[in-house]
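Coordinate inspection notes
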Amino acid sequence: MIKIFYLIGKSATNIVARPLSAITSFLSLLLLLLMFDMVWISSLSAERYYERIAADIDMEIFLDDTLADSTVSGVLGTIVEMDGVADARYISKEKARDKLYSLMGADLLDGLEDNPLPRSVIITFENDYRSSANLATLKENLNRIDGVSEIYYPEEWLEKIEMTRGLIFKIVVFLGIVISLAVVLNLLHSIRLSARSRGQEILQHRLLGAGKFFISIPYILEG
Amino acid sequence: MDKVKLKVIENIVELIDVNLSGAAGKRIFEGLNFSLPRGKSAIIQGQTGAGKTSLTEVLIGIKRPDSGMVAVFGTDIYRSRESRLNRVRRNIGGVGGIFQPIAYQTVIENLSYPLILRGDRSSKRKTKIMEVLGQLNLLHKKDEQAFNISRGEQILLLLGRAIVADQPLILIDEPLAGLDPEMSDIVLEKLNRLSVAGHSLIVMTAGQTGIQLTDAAEYKMSDGGMQ
């Protein structure tokens, strides 16, 4: 116990005895950790931004005009059962026309005998399913359903934001490793400098019979 | 073999056929034999470069000889574990040469360290240190940092370090170098007291020193050996 009190006291004394050196080491470590925090916060913000964008992604499945209205509900049922599909909403020709009207502010189809707009199904995805690989698989499966004529979702755009997200992650990991290394090296360097500047003291302690562990503890605590 | 073992235990220091080379391959010790019975002291004279400081370093366990055996307190220090060597070192005091006070620590702090290693309580340490400082007339310097006191006082401080820890063996390298006659007399008187009190002193000195210790054997180091 006496030795433990001595070691703690000695570490505190060493810090107090060299305030400038202690403050310099502390500030440089603080700066490094602050940098790491900034990088980490940036990556978190990027991740949240990606999640928000990804939440808005949906897929529109256009149905063939030859498909009988009576079979649409069967197709809808098949789509809803598929992996990763959270919800499927059917858009009839009339709804599609209303949507176009509200989008354009005028009925562009006025005067036409038939409504040329296709029927469609808009699907939204489960939260952890919104990756380009998953959506490509889903698209492939949907294409196998009879009556599906075309499928649209922002495929290229999704791939691009995924690439950007991967790049940000790699940069954060790289910077994290570099900063962690810098912190460790800085600490070791501080300890080494402190020990070197007290070489004479360490020699005297050795000559008096102190063990390596006992001699090094105050420097480690100080670091 | 048994005889050698018995002899090692009888002697506080025992060097058998020790060979030591310097950095440039120069022979420092060549088959050096030396022994010091418990409670006896030795004055070892030798010119600069004769190997006096090397002998101190060998005895304290920081300079491994090329061959031979170095036993201190019956422990073959270069064939022992570090913990054992540290226990041996706690019983060896040192003055001058490689043994110096810790410059930026106070006199009290310098004297405390061997007692802390021993695990003595603060109150016990203080009592013991004050008693020794009184014996050495250093009480008025107790809070001074070691670099602030004179060379003679530093020598007394190192002797004090050996006295507080009650170290039976004290290695002393050129104790009177740089001291005025008055301080030399004080140091010599303290050394004699320690010798009479039963401490074994090994005093290294170059040439004419005027060092005389009660009941101390005198040796001369030259050509890698000791006569």
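Residues numbered from 1 in each chain as written. Chains lettered and ligands numbered in written order. Predicted model: local features only at pLDDT ≥ 70, side-chain atom pairs only at ≥ 80, totals over all residues.

The helix and strand tally for chain A stands at 8 helices and 4 strands. Put simply, chain A runs from its N terminus to its C terminus through helices and strands in the order α-α-β-α-β-α-β-α-β-α-α-α. Look at the contacts in chain A between residues 6 or more apart in sequence, and 80% of them connect residues 24 or more apart. (Helix = DSSP H or I, 4+ residues; strand = E, 2+ residues; numbered from the N terminus. Contact = placed C-beta atoms within 7 Å.)

Along the backbone of chain B there are 7 helices and 10 strands. Within the span of chain B, comprising 227 residues, buried residues form 43% of the whole. (Buried ≥ 20, exposed ≤ 12 C-beta atoms within 10 Å, placed from the backbone.)

Okay, the packing of helix α6 (residues 155-197) of chain A against helix α8 (residues 212-222) of chain A next. Residue and element names in this part refer to chain A. It is the contact of α6 with α8, at a shortest axis distance of 9 Å, that shows an interaxial angle of 135 degrees. The orientation of α6 with respect to α8, classified from their angle, is oblique. Note on packing geometry: the crossing formed by α6 with α8 is right-handed. Contacts from Ile 191, Ser 194 and Ala 195 in α6 reach Tyr 219, Ile 220 and Glu 222 in α8. (Axes fitted to C-alpha atoms, helices over the stretch in contact; angles between N-to-C directions. Parallel < 35°, antiparallel > 145°, perpendicular 65-115°, else oblique. Left-handed = near helix turned anticlockwise from the far one by under 90°.)

Take the interface of chain B and chain A next. Chain B puts 19 residues into the contact, and the matching count from chain A is 13 residues. The greatest single-element share of the side of chain B that touches chain A, amounting to 5 residues, is contributed by helix α3 (residues 82-89) of chain B. Within the side of chain B that touches chain A, the residues separate by chemical class into 9 nonpolar, 5 polar and 5 charged. (Nonpolar A, V, L, I, M, F, W, Y, C, P; charged D, E, K, R; others polar.)

What follows concerns the pairing of strand β3 (residues 120-125) of chain A. Pairing geometry for strand β1 (residues 59-63) of chain A and β3(A), over 4 bridges, is antiparallel. Its bridge partner being in β3(A), A:Met59 is matched across the sheet by A:Ile123. (Pairing = 2+ DSSP bridges.)

To continue, consider unusual backbone geometry. All names here are of chain B. The backbone phi angle of Phe 73 is positive, close to 55 degrees, even though this residue is not glycine. Within the secondary structure layout, Phe 73 lies in the loop between β4 (67-72) and β5 (75-76). The exposure class of Phe 73 is partly exposed, given the 18 C-beta atoms found within 10 Å. With a phi angle near 50 degrees, Asp 166 is a residue other than glycine that sits in the positive phi range. Residue placement: Asp 166 occurs in the loop between α6 (151-164) and β7 (169-173). Note on Asp 166: 14 C-beta atoms within 10 Å, which makes it partly exposed.

On to the environment of B:Gly198, then. All names here are of chain B. Examined against the element boundaries, Gly 198 turns out to sit in the loop between α7 (181-196) and β8 (200-205). On the neighbour-count criterion, Gly 198 (11 C-beta atoms within 10 Å) is exposed. For the pair Gly 198 and Pro 168, spaced 30 residues apart in sequence, the C-alpha separation works out to 7.5 Å.

This paragraph deals with the pairing of strand β9 (residues 216-222) of chain B. All names here are of chain B. Here 6 bridges tie strand β3 (residues 41-46) to β9, and the two strands are oriented parallel to one another. By the bridge assignment for β9, Gly 46 is matched with Met 221. Hairpin connection between β9 and strand β10 (residues 225-226): a loop of 2 residues separates the two successive antiparallel strands, and Asp 223 in this loop has a positive phi of roughly 50 degrees.

Residue and element names in this part refer to chain B. Ordered in space as β2-β1-β4-β5, the 4 strands form an open sheet in which the pairing is antiparallel. The sheet is open, and its two borders are formed by β2 (27-37) and β5, each paired with just one other strand. When strand β1 (residues 11-21) meets β2, the two strands line up antiparallel, connected through 7 bridges. Bridge pairing in β2 places Leu 20 opposite Phe 29. Where helix α2 (residues 52-60) meets the sheet, it contacts β1, β2 and β4, and its direction lies at approximately 120 degrees from that of β1.

This next bit is on the sheet that holds strand β2 (residues 85-91) of chain A. Paired through their backbone hydrogen bonds, the strands of a sheet run either parallel or antiparallel. All names here are of chain A. Ordered by their spatial adjacency, 4 strands build an open sheet running β2-β3-β1-β4, and the pairing between neighbours is antiparallel. Of all strands in the sheet, those bounded by a partner on one side alone are β2 and β4 (148-152). Sheet twist, expressed as the mean angle between neighbouring strand axes with direction ignored, is 20 degrees. Against the sheet, helix α5 (residues 132-143) touches β1 and β4, its axis set at about 165 degrees to β4.

A word on the confidence of the model for chain B. Residue and element names in this part refer to chain B. Residues at a pLDDT of 70 or more form 95% of chain B, whose mean pLDDT is 88. Predicted confidence is poor over residues 1-7, with pLDDT under 50, and the contacts of this stretch with residues over four places away or in other chains come to 1 contact. Model confidence for the complex is summarised by a pTM of 0.67, with the ipTM given as 0.88. (pLDDT = per-residue confidence, 0-100.)

Our next topic: the packing of helix α4 (residues 107-118) of chain B against α6(B). Residue and element names in this part refer to chain B. Packing of α4 against α6 brings their axes to within 8 Å, and their N-to-C directions diverge by 30 degrees. By the criterion of interaxial angle, the relationship of α4 to α6 is roughly parallel. Considering only the axes of α4 and α6, their crossing is right-handed. In contact with Val 107, Asn 110, Leu 111, Pro 114 and Leu 115 of α4, α6 contributes Leu 157, Gly 160, Arg 161 and Val 164. Here the contact of α4 with α6 is built from residues that sort into 6 nonpolar, 2 polar and 1 charged.

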